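# Geometric and topological summary
One letter stands for each residue in the lines below.
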Amino acid sequence: MLLTLTVNGREVSRNVEPRTLLVEFLRDGLGLTGTHIGCDTTQCGACTVHLAGRAVKSCTVLAAQAGGAEVTTIEGLSGDGLHPMQQAFIDHHGLQCGFCTPGMIMACVALAHEDPDMTEAQARERLVGNICRCTGYNGIVAALMDGAKRMAGDV
Amino acid sequence: MYSFEYARPNTLNEALDILCSDVEPRLLAGGQTLLAAMKHRLTAHSTLIDLQAIDALRGVSVDGAILRIGAMVRHAEVAAHIEIRGRLPALAVLAEGIADPSVRNMGTMGGSVANNDPAADYPAAVLALGATIHTNLRDIPADDYFLGMFATALARDEILTAISFPLPDAAGYFKLPHPASGYVLAGAFVARFGDTTRVAINGAGPCVFRDAAAEGALSARFHPDAAAGLHFDPEDFTEDLHAGKDYRAQVLPHVIRRALTRALA
Ligand SMILES: Cc1cc2nc3c(=O)[nH]c(=O)nc-3n(C[C@H](O)[C@H](O)[C@H](O)COP(=O)(O)OP(=O)(O)OC[C@H]3O[C@@H](n4cnc5c(N)ncnc54)[C@H](O)[C@@H]3O)c2cc1C
């Protein structure tokens, strides 16, 4: 089928098999390998991207479901320099190996948009769908809280 | 995944045309359950009929004492909806407790209720509130809808369009979640209408069910202490790698007590 959607602000059209997953389309079709495949079972969140502005796990969305919609990946998060949430991850050591990081940051940006004033307990609860195996959660939570403030322009 | 055709009809009638004429069609709502099964090649379909563009399946409205929610309304929408939070907060809390934010952004109420996973959350609310399940063909009372493990009264050519929830005087939901998956090990939704109480139990058995003894006790006294005297027969319950049936039977009165505490909060 011919699939047309907007990825990181650019309209793209490709012929795809209907069974193509969104994450496969992004990585193999468009070469946007910043979106990672971790568990492939909707658990780990390494493949998190924004679909129509909402965080979704792109290993469990068909590329076809995103047809006509806007998708943002880690590559398109910021046009120029680092996004405030990316900078917050650096400043708070919110990563070690980096595998989960693109998904973490996409999830965090969406969470920050929805509720910039979340408490730490809420931040921890809302990150339940993104798994880090380097045990970097303290840094990640700190980055989320601070990144949310930076995005809201409070810092 | 086995290959399939993809269709995105704009109306219910177009969707039904494909559903009734295709060899092995399957409705696609949020895909958060179906796509996982298809990846494992547990199911194969000729065409997936994506319901996302059908306006008639969307929307939330309150009419008098009835809250109506469209089948394609996502868990995240129910969790955040101002009117649901105000009029039936137990349902918003239930939706907020499903999976994680990203899954809640895709997963739909209709998909969950059509799937009827014994460990799913929504079926408990639908049954305890005595909701009505609307389809393209008819209106099904919740008491006639849940037939068994992953089994419902829906026919092959039937699309769940919306669910109408009668607004109770008080309601509360509590689930003991599996620590890793978040799915229900044992859960209870209690709903008070006048001086009667309906109690639906999920997670513990092969299908959500109402419990007459609990309903009797909680109708007589709508108070957390009323759950203390309840006993459940483990033989009715599920024994699996997540929990034994004795454990489920023993924990259930405590789950009901907490659901009541929430209803009265
Ligand atoms: C990591 C993870 C954790 C989860 N945790 C929980 C949890 O804690 N509690 C919980 O309840 N659920 C949980 N879920 C499941 C989630 O709630 C799903 O969203 C839901 O079960 C299915 O909804 P869907 O919209 O994704 O349906 P789909 O996967 O698209 O469809 C499911 C089934 O319903 C059928 N269907 C869909 N819509 C209709 C309709 N309108 N009419 C008739 N048939 C229809 C489909 O054909 C399919 O057979 C979890 C899922 C994941 C991936």
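Not measured: the values here are computed from a predicted model.

### Points about the overall build of chain B
- Across its full length, chain B holds 10 helices and 14 strands.
- Along the three orthogonal principal directions, the C-alpha set of chain B runs to about 55 × 45 × 30 Å.
- Expressed as a percentage of the 265 residues in chain B, the buried residues total 54%.
- Put simply, of all contacts in chain B between residues at least 6 apart along the chain, 59% involve residues at least 24 apart.
- Counting every atom, chain B has about 11000 Å² of accessible surface; 52% of that belongs to carbon and sulfur.
- A gap of 6 Å separates the mean positions of the 22 positive and 30 negative side-chain charges of chain B.

### Describing the overall build of chain A
- Helix and strand content of chain A: five helices and five strands.
- Traced from its N-terminal end to its C-terminal end, chain A shows the element sequence β-β-α-β-β-β-α-α-α-α.
- The C-alpha atoms of chain A give 15 Å as radius of gyration, which agrees with the globular expectation for 155 residues (15 Å, within 12%).
- For the C-alpha atoms alone, the extent of chain A along its principal axes is close to 45 × 30 × 25 Å.
- Put simply, chain A has 155 residues, and 52% of those count as buried.
- The long-range share in chain A, meaning contacts at least 24 apart out of those at least 6 apart in sequence, stands at 55%.
- Per element, the accessible surface of chain A, about 6900 Å² overall, is 48% carbon and sulfur.
- One way to put it: in chain A the 11 positive side-chain charges average out to a point 4 Å from where the 16 negative ones average out.

### Brief notes about the interface of chain A and chain B
- If you look at the interface, chain A gives 25 residues, while chain B gives 26 residues.
- Taken together, both faces of the contact between chain A and chain B bury some 2000 Å²; the carbon and sulfur share is 57%.
- When residues of chain A are sorted by the area they lose upon contact with chain B, R19, T60 and Q65 of chain A head the list and together hold 30% of the total.
- Counting across the chain A and chain B interface gives two salt bridges.
- A salt bridge links D100 of chain B to K57 of chain A, with the shortest nitrogen-to-oxygen separation between them at 2.7 Å.

### Some details on the pattern of salt bridges
All names here are of chain A.
- Inspection of every chain in the model, using the stated rule, returns 17 salt bridges over all chains.
- R19 is the salt-bridge partner of E17, the closest N and O atoms lying 2.9 Å from each other.
- Assessed through its relative accessible area of 42%, E17 is described here as partly exposed.

### Side note on helix α2 (residues 84–91) of chain A
All names here are of chain A.
- When we look at burial in α2, the residues that qualify are M85, Q86, A88 and F89. Angularly, the buried residues of α2 cover 160° about the axis, an arc narrow enough to put them on a single face.
- Taken together, the buried residues of α2 touch α3 (101–114) and α5 (137–151).
- Downstream of α2 by one or two residues, H93 has phi in the positive range, about 55°.

### A few points about the packing of α2 of chain A against α5 of chain A
All names here are of chain A.
- Orientation of α2 relative to α5, taken along the N-to-C sense of each, is 145°, at an axis distance of 8 Å. Pair α2 / α5 crosses with right-handed handedness. On the side of α2, the interface is formed by P84, M85, Q87, A88, F89 and D91, while α5 contributes I140, A143, L144, G147, A148, R150 and M151.
- Counted by class, the contact of α2 with α5 contains nine nonpolar, two polar and two charged residues.

### Digging into the site of the ligand
Residue and element names in this part refer to chain B.
- Inspection of the region around the ligand gives 30 residues, with L27, G31, L34, T108 and D121 positioned closest.
- Q32 places a main-chain nitrogen or oxygen 2.8 Å from an oxygen atom of the ligand.
- Measuring from an oxygen atom of the ligand, one finds a side-chain N or O atom of K175 at 3.3 Å.
- Elements with a contribution of two residues or more to the shell around the ligand: β2 (25–28) and α7 (109–115).
- Grouping the constituent residues of the shell around the ligand by class yields 15 nonpolar, 12 polar and three charged.

### Structural notes on the sheet that holds strand β1 (residues 5–7) of chain B
Residue and element names in this part refer to chain B.
- Strand order in the open sheet made by the three strands is β1-β3-β2, with parallel pairing throughout. Two strands lie at the open edges of the sheet, namely β1 and β2, each paired on one side alone. Taken pair by pair, the neighbouring strands of this sheet meet at an average axis angle of 25°, ignoring direction.
- Bridge count between β2 and strand β3 (residues 47–50): four bridges; the pairing is parallel.

### Here we look at the domain arrangement of chain A
All names here are of chain A.
- You can read the domains of chain A as domain 1 (2–76) and domain 2 (84–152).
- Spacing between the C-alpha centres of domain 1 and domain 2 amounts to 21 Å.
- Listed per partner, the contact involves 16 residues of domain 1 and 13 residues of domain 2.
- Buried area between domain 1 and domain 2, summed over both chains or domains, comes out near 1100 Å², and the portion from carbon and sulfur atoms is 65%.
- The three residues of domain 1 that bury the most area against domain 2 are H36, H50 and I74, which together make up 42% of that side's buried surface.
- The tally of links from domain 1 across to domain 2 stands at zero salt bridges.
- Connecting domain 1 to domain 2 are seven residue pairs in polar contact (both at pLDDT 80 or more).
- Elements supplying a minimum of two residues to the side of domain 1 that touches domain 2: β3 (48–51) and β4 (54–57).
- The biggest single contributor to the side of domain 1 that touches domain 2 is β3, with three residues.
- Here the residues of the side of domain 1 that touches domain 2 are counted per class, giving six nonpolar, nine polar and one charged.

About the criteria used
- Numbering of residues starts from 1 in each chain and follows the order in which that chain's sequence is written.
- Each chain is given a letter, starting from A, and each ligand a number, starting from 1, according to the order in which they appear as written.
- Only residues with pLDDT of 70 or above have their local features reported here, since the model is predicted, and side-chain atom pairs are shown and tallied only from 80 upward, although totals for entire chains, interfaces and linings are computed over all residues.
- Think of the side-chain values as coming from all heavy atoms in the structure, minus any hydrogens and water.
- For helices the rule is a DSSP run of H or I covering at least 4 residues; for strands it is a run of E covering at least 2, with both sets numbered from the N terminus onward.
- Type-normalised accessible area, obtained with a 1.4 Å probe on protein chains alone, sets the label of each residue: buried when under 20%, exposed when over 50%, and partly exposed for intermediate values.
- Between two residues, a contact is recorded if the distance between any of their heavy atoms is within 4.5 Å.
- Where accessible areas are quoted, they stem from the Shrake-Rupley method and a 1.4 Å probe; at the residue level, only the protein chains shown are allowed to cover.
- Only four residue types enter the charge count: Lys and Arg as positive, Asp and Glu as negative, with His and the chain ends excluded.
- Where a charge lies is defined by one atom per residue type: Lys uses NZ, Arg uses CZ, Asp uses CG and Glu uses CD.
- It is over C-alpha atoms that the radius of gyration is taken, and the globule rule equals 2.2 Å times the number of residues to the power 0.38.
- Put simply, buried area is the surface a 1.4 Å probe can reach on two separate parts but cannot reach once they are joined, added for both.
- Salt bridges are identified by distance alone: a Lys or Arg side-chain nitrogen within 4 Å of an Asp or Glu carboxyl oxygen.
- To be clear, the arc concerns the directions from the helix axis to the C-beta atoms.
- With axes taken as lines fitted to C-alpha atoms, and helix axes fitted only over the stretch in contact, angles between N-to-C directions fall between 0 and 180 degrees.
- Crossing chirality is assigned from the near helix's rotation relative to the far helix, an anticlockwise turn below a right angle marking it left-handed and a clockwise turn marking it right-handed.
- Any residue outside Ala, Val, Leu, Ile, Met, Phe, Trp, Tyr, Cys, Pro, Asp, Glu, Lys and Arg is labelled polar, Gly included; the first ten of those are nonpolar and the last four are charged.
- The rule for a residue being near a molecule or strand is that one of its heavy atoms must lie within 4 Å of it.
- Polar contacts here mean pairs of N or O atoms no more than 3.5 Å apart (in protein, one a potential hydrogen donor and the other a potential acceptor; neighbouring residues in sequence count only if both atoms are side-chain atoms).
- Between any two strands, pairing holds if DSSP finds at least two bridges.
- Boundaries of every domain are those given by an automatic assignment or by a domain database.

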